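Notes for the structure review
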Amino acid sequence: MSIVVAIDGPAGSGKGTVTKLVGEKLGLVNIDTGATYRCVTLAAINKGYKLEEENKIVNLLNEIDIEFKKKENEEKVLLNGKDVTKEIRSKEVNEMVSQVSHIPKVRENMANFQRKIAEGKNVIMEGRDIGTNVFPNADVKIYLDATPEERAKRRMKQNEEKGIESNYEEILENIKFRDHNDKTSSVAPLKQAEDAIYIDSSNLSIEEVTEKIIEIINYHFGDASKNGKN
Ligand code: DC
């Protein structure tokens with residue numbers, strides 16, 4: 001029997017960092033589902049396709065091979081054999097990925113792919129619809145949230161570290177706009193699964209959230225660090 005831990009929530013909730021840490025500590029394979037949508041988007045950009053060319057993007061799915069590989073202790077994302085770990089975080093991909101992820105056939109295809117790569121493994125999977133759609137029967141479901149204000153502060157800090165100048169009010173507006181779009185979308189709206197445990201990370205450190213999630217998993221399984229290692 002394999003274990004599935006689903007971590008869903010909005011951008012800026014800290015789920016990427018926390019999922020990685022929990023996965024490392026408990027020996028669960030970490031699957032970043034956002035990266036799969038980013039790969040489709042990058043493939044479309046490389047072909048020069050525009051968002052309006054939905055059919056072309058959907059047909060492209062047949063030509064795409066996505067792999068997650070650990071290399072020198074770092075998680076790498078490969079698209080048709082090429083390391084695209086950095087490229088999928090580019091500004092161009094950032095600007096287009098949300099719309100690409102809203103194409104119903106892309107979602108269907110990626111959800112199937114995500115189920116396939118999790119097969120037979122003990123996984124911790126991070127995304128938007130893992131507990132509601134990809135693995136509705138996941139063993140443990142967490143919905144990780146933070147206030148828009150806190151997420152805007154975190155984004156400001158990230159930008160500062162990268163030397164990017166930014167304006168708090170603008171970032172906050174953008175986050176609120178995206179939240180509204182994500183939650184009211186007719187295709188896979190972002191929402192908490194009924195049986196998910198809600199964690200508000202606004203006033204918690206990364207370490208505190210990590211500990212909290214590990215406690216929840218351990219409580220569910222007795223001791224997941226033993227079960228989780230395969
Ligand atoms: O988490 P991220 O920023 O890497 O996600 C990239 C995009 O993909 C983002 O617009 C949300 C979307 N996404 C999704 O719709 N469903 C998922 N399971 C994961 C990500």
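1. Looking at the nonpolar core
In terms of nonpolar packing, the biggest core is built from 38 residues, with V40, I57, I66, L79, V106 and F135 touching the most fellow members. Contributions of two or more residues to this core are made by β1 (4-8), α2 (33-46), α3 (54-60), β4 (74-79), α4 (91-101), α5 (104-118), β6 (123-127) and α6 (130-134). Ranked by residue count, the leading element in this core is α2, at 7 residues. Within the second largest apolar cluster, 17 residues are counted, among which are V18, L28, I142 and V209.

2. With respect to unusual backbone geometry
The phi torsion at N73 lies on the positive side, around 65 degrees, for a residue other than glycine. Looking at where N73 falls in the secondary structure, it is placed in the loop between β3 (66-71) and β4. Relative accessible area serves as the criterion here: at 68%, N73 is assigned to the exposed category. Even without being glycine, A188 reaches a positive phi, approximately 45 degrees. Summarising the element assignment, A188 is placed in the loop between α8 (168-184) and β8 (197-200). By relative accessible area, A188 is classed as partly exposed at 32%.

3. Focus: the packing of α2 against α5
Where α2 meets α5, the closest approach of the two axes is 10 Å, and the angle between their N-to-C directions is 130 degrees. Relative to α5, α2 is oriented oblique. In this structure, the crossing between α2 and α5 has a hand that is right-handed. Across the interface between the two elements, T33, T36, Y37 and V40 from α2 touch V106, R107, M110, F113 and Q114 from α5. A class-by-class count of the residues in the contact of α2 with α5 yields 5 nonpolar, 3 polar and 1 charged.

4. What about the pattern of salt bridges?
As enumerated under the stated definition, the model contains 16 salt bridges in all. When the shortest N-O distance is used, the salt bridge between K69 and E67 registers 3.4 Å. By relative accessible area, which is 26% here, E67 ends up partly exposed. The residue R151 makes a salt bridge to D179 at a minimum N-O spacing of 2.5 Å. A residue pair is termed long-range when its members are at least 10 positions apart, and R151 in helix α7 (residues 148-161) and D179 in helix α8 qualify at 28 residues. The burial state of R151 is the same as that of D179; both residues are buried.

What counts, and at which threshold
- Residues numbered from 1 in each chain as written.
- Predicted model: local features only at pLDDT ≥ 70, side-chain atom pairs only at ≥ 80, totals over all residues.
- Heavy atoms only, no water.
- Core = buried A, V, L, I, M, F, W, Y, C linked by side-chain atoms within 4.5 Å.
- Buried < 20%, exposed > 50% of the residue type's maximum accessible area, 1.4 Å probe, protein only.
- Helix = DSSP H or I, 4+ residues; strand = E, 2+ residues; numbered from the N terminus.
- Axes fitted to C-alpha atoms, helices over the stretch in contact; angles between N-to-C directions.
- Parallel < 35°, antiparallel > 145°, perpendicular 65-115°, else oblique.
- Left-handed = near helix turned anticlockwise from the far one by under 90°.
- Contact = heavy atoms within 4.5 Å.
- Nonpolar A, V, L, I, M, F, W, Y, C, P; charged D, E, K, R; others polar.
- Salt bridge = Lys/Arg side-chain N within 4 Å of Asp/Glu carboxyl O.

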